[in-house]
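Survey of secondary and tertiary structure
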Amino acid sequence: MPKQTYNLTKEEIFEKFSCSEKGLSSEEVAKRLKQFGKNAVQKKRNWSALTLLKNQFNNALVWILIIAAFLAVPFHEYRDTVILLIIVFINSAIGFFQEFKAEQTLEQIRNLTSDKAIVLRDGEKIEIDASLLVPGDVVFLFAGDTVPADGYVLEGYDIFANEFIFTGESKAGRKIVGAIQEVGLPLSDMDNMVFMGSSITRGEAKALITQTGMQTELGRIAGMVTEIREEETPLQKQMRVLGRDVTILALIIAGLVLVAGHYSHMSWYDGFLFALALAVAVVPNGLPAAISVSLSLGMRRLLKDNVLAKKLNAVETLAQVTIICTDKTGTITRNELMVTHVVAADEEFTIDGQGYEPRGDFRQFGRIIDVEKFPCLRPLFKTAYLCNDAALVKSNDTYSITGDPTEGALIVAAKKYKEKFDHLCNKDEKLDENPFSSERMRMSVVYKNPQDGSCTSYVKGSPDVVLNLCTHKLTRDGIVPFTEEEKQKVRNSNDAMSKQALRVLAFAMRDLSDMERSNFSNEAEKNLVWLGMMGMIDPPRADVHKAIDDCLNSGIKVIMITGDYEITAQAIAKKVGLLKNSDAEVVNGKALDALSDETLINKVFSREIVFARITPEQKLRIATLLRKHGAIIAMTGDGVNDAPALKKADIGVAMGKIGTDVAKEAADMILMDDNFASIVKVIKEGRTIYQNLRKIVYFAFAANASEFFTAALGVLLQIPAPITAVQILAIDLGTDVLPSFSLSLEPSEPMIMKRKPFDAKERAISSEGVWRLARVGLIIAIGAVIAFILSMLRGGWIFGNKIDPGSVLYIKSTTAAYAVLSMGQMANLLQARSETLSMFALGFFKNKFAIGSIIISFGVLMAFMYVPLLASGLRMSPIDWRDWIAVALTAAAVFVFEEARKAEITNKNNKL
């Protein structure tokens, strides 16, 4: 295997890039700049309002309405044209404004690359625009700098880099100088390399630029993101198929009617009008708008659950999610280190609490204790507090840490021990300090007590290092010699905490009161008294365990994918209930590469599994394989490294607080509180939204079925058309749209999170659903045709005779049919609230919007009859009381029929 850049020595790296420690010459830079191009990451084309608007018309149903609108123009049916275009406008406006608002929320994108760089050119140190860097340049990096390009560390002193955007782990990693022999390392283990977009948190270094622009790790990931094509959501696929089928059906019906009209000596004008009426009856005109409104309302409700959905169509995919691939840091955990275990004077304690909030109980053997009864804790926490450069800050009831998170965790623990601990410690005067370094692995400070004049050295550091500096230990009986046997017990205790993925620090002290101040620096870390240890971890969020149980109970598998070490990933996964069974497995990045696709998929689907030390390519591979094998996945992420997998997943969920803007840009949704438990709430909301969408689709097509059957029965019975095309449009827009919207506000049905995820391959309307809407449509249509015929007969019409479409009798009779259709669909609205549950089980008034929409629709119907302008435009008029009896009987028939059908389903389920 050829050597990687990190495998090379300093001499080899200079040879490879044909350069030296003096940097490149201006002439050489010009050549390389021409060869490699500017050091810039190409961003994908930004969204535009025009693109968003265009996307609203990628819908077959919308195009049917547009075509129908313009076909009506040559026949001077301008009312039909106007009504159809209004429907299209409403649908497009709703979708456009919702997506426009979401995109605006993300418009401010932080630039991850550095603007300036200090570089050696022609042997001189100068500052240049970072975009002008080329491979072979020697750059200088200091604490606080953003790394301008990928580089090999030539020189460095106590240098640490935060590579969170690549690894997902917020802890800064130490960088080293010199070649690394091991091959095949992930980016997180390339300790002699720095990468574009990461930041230097401590120390300073000199590095040789190895890659620039799109060849850097950041650029490579950006390239992976742009290569991934966005795919249709399950609902988009279903609606595309549904739109195609409806289009074909409408064209076939229109063609047959025109042919039949020609042979029955009907004029082309009349034939077209009737064909248009039937075609319009088939097409659910208000469905696109109803779906858009439902999804937009869903977006608003998701925002209340701390989730910003960027696109309308992403909302419904949540209902079909079968696997959640979640990050660890900040999602499962709080991304806040917390001291959880304390060992002092051979006693063990645990501390609870939440993150950086300085409140929590001390426990021993599971019982809350009074810390005042354990005096050994006081010097331990005083050492942790004084040997510390961090601070706890409170702002708007929220606590945060300034400084190193590890030291911040110690401050919080000390304040949990004694709330006013800082007041006690602030009296002491600091005399000396030996700062922490990665070579020494410890830190010490010397303080003077103003009350008694005593001087004390306080030391903290790695347990192994501090242990070797101790000669005595603090016990309940005072200070006693520290034997090798006792030290071994401490090592065993340290190992036990480390196996729980705890980060362990040791603490010691020494009295320097009898010593000259000039000797403090030399003696501060010698002949120490051992005080104890503290173990800390980024703990799981309090509600994550229950959220994961809820996922498992609802048929959703949860997989943790993290860049952290295996031992930490395993410990956290066990705490939150992801690893329970004996065959559970933790797979690291190296082991993953050795697995075939088939073996990997078998492991994922057959057992509990956690992935650790994972690279962006591996995360993308997992997402790709899961989708290929039929899984609908939600993928969480926060770093730049997560962007390809977020875009590939069915639902990419970026973290709102700790997430990079690159991750947010690639994701479909943004988790504003970074909490895994919010994902579960969102999935429940998504299932409710999707279930309501199916109800809307059923209701819309049931309404159109009743309209179609009404027109078709008129043809079969050879009577004048019981309803006109413009009246069908009036039903769809005037009395059907608002009830459809009310279904989007239907509350979650009971046990919605106890069922398996909705099948993405299932049609929007199942075969049983088709028969259901056909039966309901036929009942309403029969009622409408009977009402029409009876009204015509009462007015003196005789079967077989023609009638003037403008006559008062015909207008009144079609109005009667219209009223039956409109109110019959209101009865069906009540039953559409659930496919299987009785309306009485749901609660008659639980969806007040449905009741309100029925009242408003009835008011609209009355306005169509009695307001002269509307009545004239729609060719409608008031109807007789006998017509209202037909309306009531038809509505009652629909209601009773559906209740009987649901009762039969309930009985079958009870027998099972």
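The structure under discussion appears in the preceding block.
Worth saying up front: this structure is predicted, and the values here are computed from it rather than measured. (Residues numbered from 1 in each chain as written. Predicted model: local features only at pLDDT ≥ 70, side-chain atom pairs only at ≥ 80, totals over all residues. Heavy atoms only, no water.)

Remarks on the environment of Q570
Among the structural elements, Q570 can be located in helix α19 (residues 566-575). Once the C-alpha coordinates of Q570 and V586 are considered, the two residues, 16 residues apart in sequence, prove to be 6.7 Å apart. Residues in contact with Q570, not counting those within four places in the same chain, are L579 and V586. (Helix = DSSP H or I, 4+ residues; strand = E, 2+ residues; numbered from the N terminus. Contact = heavy atoms within 4.5 Å.)

Examining the sheet that holds strand β9 (residues 323-326)
Across the sheet, eight strands lie side by side as β8-β28-β27-β26-β9-β23-β25-β24; this open sheet has mixed pairing. The open sheet terminates on both sides in strands that have one partner only, identified here as β8 (307-309) and β24 (585-588). Across this sheet, the average inter-strand angle for adjacent strands is 20°, counted without regard to direction. Bridge count between β9 and strand β23 (residues 557-561): four bridges; the pairing is parallel. Note on β23: the bridge partner recorded for I324 is V558. Those strands touched by α19 are β23, β24 and β25 (609-612), and its axis lies near 145° from that of β25. (Pairing = 2+ DSSP bridges. Axes fitted to C-alpha atoms, helices over the stretch in contact; angles between N-to-C directions.)

Describing a nonpolar patch on the surface
A cluster of nonpolar side chains, namely L778, I782, I786, L790, L793, I798 and F799, defines an oily patch on the protein surface of about 620 Å² accessible area. Here L790 is to be found in helix α27 (residues 767-794). The class for L790 is partly exposed, based on a relative accessible area of 44%. (Patch = residues over 30% accessible without salt bridge, like charges linked within 9 Å, V, L, I, M, F, W, Y side chains within 5 Å. Areas by Shrake-Rupley, 256 points an atom, 1.4 Å probe, with all protein chains shown as cover. Salt bridge = Lys/Arg side-chain N within 4 Å of Asp/Glu carboxyl O. Buried < 20%, exposed > 50% of the residue type's maximum accessible area, 1.4 Å probe, protein only.)

Some points on the packing of aromatic side chains
Taken as a whole, this structure holds 13 aromatic pairs when the rule is applied. Between F362 and Y417 the ring centres are 6.3 Å apart and the planes differ by 70°, which places this aromatic pair in the edge-to-face class. With F362 in strand β12 (residues 362-364) and Y417 in helix α13 (residues 405-417), this pair connects stretches of sequence that are 55 residues apart. Judged by relative accessible area, which is 3%, F362 ranks as buried. On the basis of relative accessibility, which here comes to 7%, the residue Y417 falls in the buried class. A cation sits over an aromatic face here: K418 above Y417, 6.0 Å from the ring centre. We note R755 situated over the ring of F758; from NZ or CZ to the ring centre the distance is 3.8 Å. (Phe/Tyr/Trp six-rings, centres within 6.5 Å; stacked < 30°, edge-to-face > 60°. Lys NZ or Arg CZ within 6 Å of the ring centre and 35° of its normal.)

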